[in-house]
Amino acid sequence: MSTPREFVLLTHDLEPSTPIDLDDLPGSGRADLIARTVTAALLLSHAVRTDVQVHIVIAGAYTISFDGASIRHLHPDERSTAALVGKALRAHTEVIGAQPTPVSPGLTIRRGGIEELLSRLPSAATPLQLAPDGQALSSITVPEHPVCVLSDHRPFTAAEQAVLEPVTTAISVGPQVLHGADVVTVVHNYLDTAGFSGH
């Protein structure tokens, strides 16, 4: 039985007003790597991970959330996933207060960044910071509800570290620095295979 898990991607080139050009995803706030991270977190070969949520923090001011239990129209190609991100971004002007604004099934946007997101976590959650200099992923006991925070192609900022360091454990997936989507895959594999005995 798999554990419920969440992934939080902190972005640094994407702004709430950034238009997502499906013909230039790298030039659209690196929507290409955001899309790859979302699909790596949520999709299996022929299914969606219904126990996973993915949160994309935009400019420290808004958070787009994908809920695997109810998401629709999510496919393993970058363009369609980036289109969902763009749809959520366009809804940022409709956000009222701190409440999440529904965009489509399983997709919401709300005000607030990483600090607000971490403050809303349930008591059973274990926040983990995915960082090259963290302790080995294989050295930790599988948490009941891991919440894995990673950065995009840029390092965590000093302000982000100030929020993360007091409340997270820094974890590394290996000696080589991987792309974010690959890090997510490695984490999933570790969590999926904890106690795995084969068939």
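*Asks:* It is not clear to me how the overall build of the protein should be interpreted in this structure. Could you clarify?
*Replies:* Tallying secondary structure elements over the protein gives five helices and eight strands in all. Seen in sequence order, the protein has helices and strands lined up from the N terminus as β-α-β-β-α-β-β-α-β-β-α-β-α. Here the C-alpha atoms of the protein give a radius of gyration of 16 Å, agreeing with the 16 Å that 2.2 N^0.38 yields for 199 residues. With respect to the three principal axes, the spread of C-alpha positions in the protein is 45 × 40 × 30 Å. Considering the protein as a whole, with its 199 residues, one finds that 49% of them fall into the buried category. Contacts in the protein between residues far apart in sequence, at least 24 positions, make up 66% of those at least 6 positions apart. Averaged over its 12 positive side-chain charges, the protein has a centre that lies 6 Å from the centre of its 21 negative ones.

*Asks:* Which parts of the structure should I look at to understand the sheet that holds strand β7 (residues 145–151)?
*Replies:* Hydrogen bonds between backbone groups are what pair the strands of a sheet, and the pairing can be parallel or antiparallel. Reading across the sheet, the eight strands line up as β4-β5-β3-β2-β1-β7-β6-β8 and stay open at both edges, with mixed pairing between neighbours. At either margin of the open sheet sits one strand with a lone partner, and together these are β4 (101–104) and β8 (169–172). Neighbour-to-neighbour, the strand axes of the sheet open up by a mean angle of 30°, direction not taken into account. As paired strands, strand β1 (residues 5–10) and strand β2 (residues 52–58) are joined by six bridges and run parallel to one another. For Leu9, the partnering residue across the bridge sits in β2 and is Ile56. Strands in contact with helix α1 (residues 31–42) are β1, β2 and β3 (62–67); relative to β2, the strand with the most contacts, it is inclined by about 165°.

*Asks:* For this particular structure, what's the right way to read the pattern of salt bridges?
*Replies:* A side chain of one charge can pair with a side chain of the opposite charge if their charged atoms are brought near each other. Counted by the stated rule, this structure contains seven salt bridges. For Arg79, the salt bridge is made with Asp23, and the minimal N-O distance between the two is 3.0 Å. Here Arg79 is found in helix α2 (residues 78–90), whereas its partner Asp23 is found in the loop between β1 and α1, with 56 residues between them in sequence. Across the pair Asp32 and Arg30 runs a salt bridge, and its minimum N-O distance is 2.9 Å. With relative accessibility at 6%, the residue Asp32 sits in the buried group. Through salt bridges with shared partners, one network takes in Arg30, Asp32, Arg36 and Glu78.

What counts as what
Residues numbered from 1 in each chain as written. Predicted model: local features only at pLDDT ≥ 70, side-chain atom pairs only at ≥ 80, totals over all residues. Heavy atoms only, no water. Helix = DSSP H or I, 4+ residues; strand = E, 2+ residues; numbered from the N terminus. Rg over C-alpha atoms; globule rule 2.2 N^0.38 Å. Buried < 20%, exposed > 50% of the residue type's maximum accessible area, 1.4 Å probe, protein only. Contact = heavy atoms within 4.5 Å. Lys, Arg positive; Asp, Glu negative; His and termini not counted. Charge placed at Lys NZ, Arg CZ, Asp CG, Glu CD. Pairing = 2+ DSSP bridges. Axes fitted to C-alpha atoms, helices over the stretch in contact; angles between N-to-C directions. Salt bridge = Lys/Arg side-chain N within 4 Å of Asp/Glu carboxyl O.

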